[in-house]
Amino acid sequence: MTHEAAGVPTTRNDEDRQDDVPQDSDVQQNEAEPDAPEPAGPEDAEPRPEARLARAVQVAEQALIEFEIAVETFRVEVENFSRLHHQKLGPMYTRLDELDALIAEARAAKTGDPEDERKAREARAVVMPMPGVDELFHDWMDTDGLSPEAAAMLTEQPVRPPKRVRPSEEARRLYRELARKAHPDLAQDEVERQRRDEFIARVNAAYGRGDVELLKELVAEWEAGPVQPPAPLSESEELYARLEWLSRRKELLTVLAKELEEGAIGSMLRMAPDDPDQLLEDIAEQLLGEVSRREAELAEMTR
């Protein structure tokens, strides 16, 4: 048995051996010519500052999206829990307020103490229904605090048409001046026509009210010419502006998240994040116990 691999000849002739031996000239040539460095590829080039900034913007956008999702998810949870809390526990709270008022009134009736009577009135005010709009505005329906149109609507009376305004001579002069200068028919293109249409609409509104001061302001605005669009931002400026906006947006979301977490409902949710329904059951049981105790107290006082 030989140790040669199958299919490989076991003998070699002299020519084969001579071809395999490196010649001296080849060795000297290889030593004289060191390996030349390979040309740098595109992946080895230094990235542009704008490229790094764009990458930072992309990372910040993704982080903000995730943060917004988390905040909105929590907001929906708080809203849903608040609705369930009101539906399930609202009647119990209302019953407790009513019992507190009855107990305070019974105590005041027994003692006749002015302080007890004051407390009874305060307790009853908690459960009294809110007055209607007509009651709220009964004493000042026609004062300067409420416009005649609003007063008419509250009392279900027909609204009086606005007084006719006769513009002054100064208003007419300013109006004619603006109409001659800013008339839409003087526009040279559609964009300019639209600008003039919008401006003349403001002029007509001011003239219809006889507002001389506003007409003067419109004259100065037209003479100043159209607002020039801001100069275009460079790529770096746009990216920095985007980063600033993302930062401000994150600050606003952080404030909102803090308000949600520190609110009454958010605090309750944090007490039992995995089983808020059971938390409602526990609170309902506690409130039922409070209702029973107050009912017993009231029965004892009115016996």
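Residues numbered from 1 in each chain as written. Predicted model: local features only at pLDDT ≥ 70, side-chain atom pairs only at ≥ 80, totals over all residues. Heavy atoms only, no water.

1. Side note on the overall build of the protein
Counting secondary structure elements, the protein contains 12 helices and 0 strands. In sequence order, the protein lays out its α and β elements as α-α-α-α-α-α-α-α-α-α-α-α. By residue count, 21% of the 303 residues in the protein fall in the buried class. Across the protein, every contact between residues at least 6 apart in sequence was considered, and the portion connecting residues at least 24 apart equals 63%. (Helix = DSSP H or I, 4+ residues; strand = E, 2+ residues; numbered from the N terminus. Buried < 20%, exposed > 50% of the residue type's maximum accessible area, 1.4 Å probe, protein only. Contact = heavy atoms within 4.5 Å.)

2. Concerning the nonpolar core
In a soluble, globular protein the nonpolar side chains are often hidden away together inside. Val-78, Phe-81, Leu-89, Met-268, Leu-279, Ile-283 and Leu-287 are the most contacted members of the largest nonpolar core, which totals 22 residues. Those elements that place two or more of their residues in this core are helix H3 (49-111), helix H11 (264-271) and helix H12 (276-301). Of all the elements, H3 adds the most residues to this core, at 9 residues. Sequence-distant contacts of Met-268, defined by excluding residues within four places in its chain, comprise Phe-81, His-85, Leu-279 and Ile-283. In this structure, Phe-199, Ile-200, Ala-206 and Val-212 belong to the second largest nonpolar core, which totals 13 residues. (Core = buried A, V, L, I, M, F, W, Y, C linked by side-chain atoms within 4.5 Å.)

3. Re the layout of surface pockets
Considering only enclosed or pocket space, the largest pocket measures out at about 170 Å³ in volume. For the largest pocket, the full set of lining residues is Val-191, Gln-194, Arg-195, Glu-198, Phe-199, Arg-202, Glu-221, Trp-222, Gly-225, Pro-226 and Val-227. At the level of elements, helix H8 (190-208) and helix H9 (212-224) are the ones that each hand at least two residues to the lining of the largest pocket. Looking at the lining of the largest pocket element by element, the count peaks at 6 residues for H8. Split by residue class, the lining of the largest pocket holds 5 nonpolar, 2 polar and 4 charged. (1 Å grid on protein atoms, 1.4 Å probe; cavity = no way out; pocket = protein on both sides within 12 Å on 5 of 7 lines; lining within 4 Å. Points joined across faces, edges and corners; volume = space filled by probe spheres on them. Nonpolar A, V, L, I, M, F, W, Y, C, P; charged D, E, K, R; others polar.)

4. Thoughts on the pattern of salt bridges
If you walk through the whole model with that rule in mind, you get 26 salt bridges. Asp-100 is paired through a salt bridge with Arg-294; the nearest N and O atoms lie 2.6 Å apart. Of this pair, Asp-100 sits in helix H3 while Arg-294 sits in helix H12, and the two are 194 residues apart along the sequence. For Arg-294, a relative accessible area of 21% corresponds to the partly exposed category. (Salt bridge = Lys/Arg side-chain N within 4 Å of Asp/Glu carboxyl O.)

5. Side note on the packing of H3 against H12
In contact at an axis separation of 10 Å, H3 and H12 are set at 15° when each is read in the N-to-C sense. In terms of orientation, H3 lies roughly parallel with respect to H12. With respect to the hand of their crossing, H3 and H12 are arranged in left-handed fashion. Along the lines of polarity and charge, the residues of the contact of H3 with H12 split into 20 nonpolar, 1 polar and 11 charged. (Axes fitted to C-alpha atoms, helices over the stretch in contact; angles between N-to-C directions. Parallel < 35°, antiparallel > 145°, perpendicular 65-115°, else oblique. Left-handed = near helix turned anticlockwise from the far one by under 90°.)

6. Comments concerning the side chain of Asp-116
Take Asp-116: it is sitting in helix H4 (residues 114-127). The contacts of Asp-116, once residues within four sequence positions are left out, are Ala-104, Arg-107, Ala-108 and Thr-111.

7. What to know about the packing of H3 against helix H10 (residues 235-262)
Contact pair H3 / H10: the axes reach a minimum separation of 9 Å and the direction vectors enclose 20°. The orientation of H3 with respect to H10, classified from their angle, is roughly parallel. The handedness of the crossing between H3 and H10 comes out as left-handed. Its residues assigned to classes, the contact of H3 with H10 comprises 19 nonpolar, 2 polar and 9 charged.

8. Quick word on the packing of aromatic side chains
According to the stated counting rule, one finds 2 aromatic pairs in the structure shown. With 4.2 Å between their ring centres and 15° between their planes, Tyr-175 and Tyr-207 make a pair best called stacked. Within this pair, whereas Tyr-175 is found in helix H7 (residues 169-182), its partner Tyr-207 is found in helix H8, the two being separated by 32 residues in sequence. The exposure class of Tyr-175 is partly exposed, given its relative accessible area of 25%. When the ring of Phe-199 is compared with that of Trp-222, the centres are 5.0 Å apart and the planes differ by 40°; the resulting orientation is tilted. With a gap of 23 residues between them, Phe-199 in helix H8 and Trp-222 in helix H9 connect regions that are remote in the sequence. The residues Phe-199 and Trp-222 share a single accessibility class, namely buried. (Phe/Tyr/Trp six-rings, centres within 6.5 Å; stacked < 30°, edge-to-face > 60°.)

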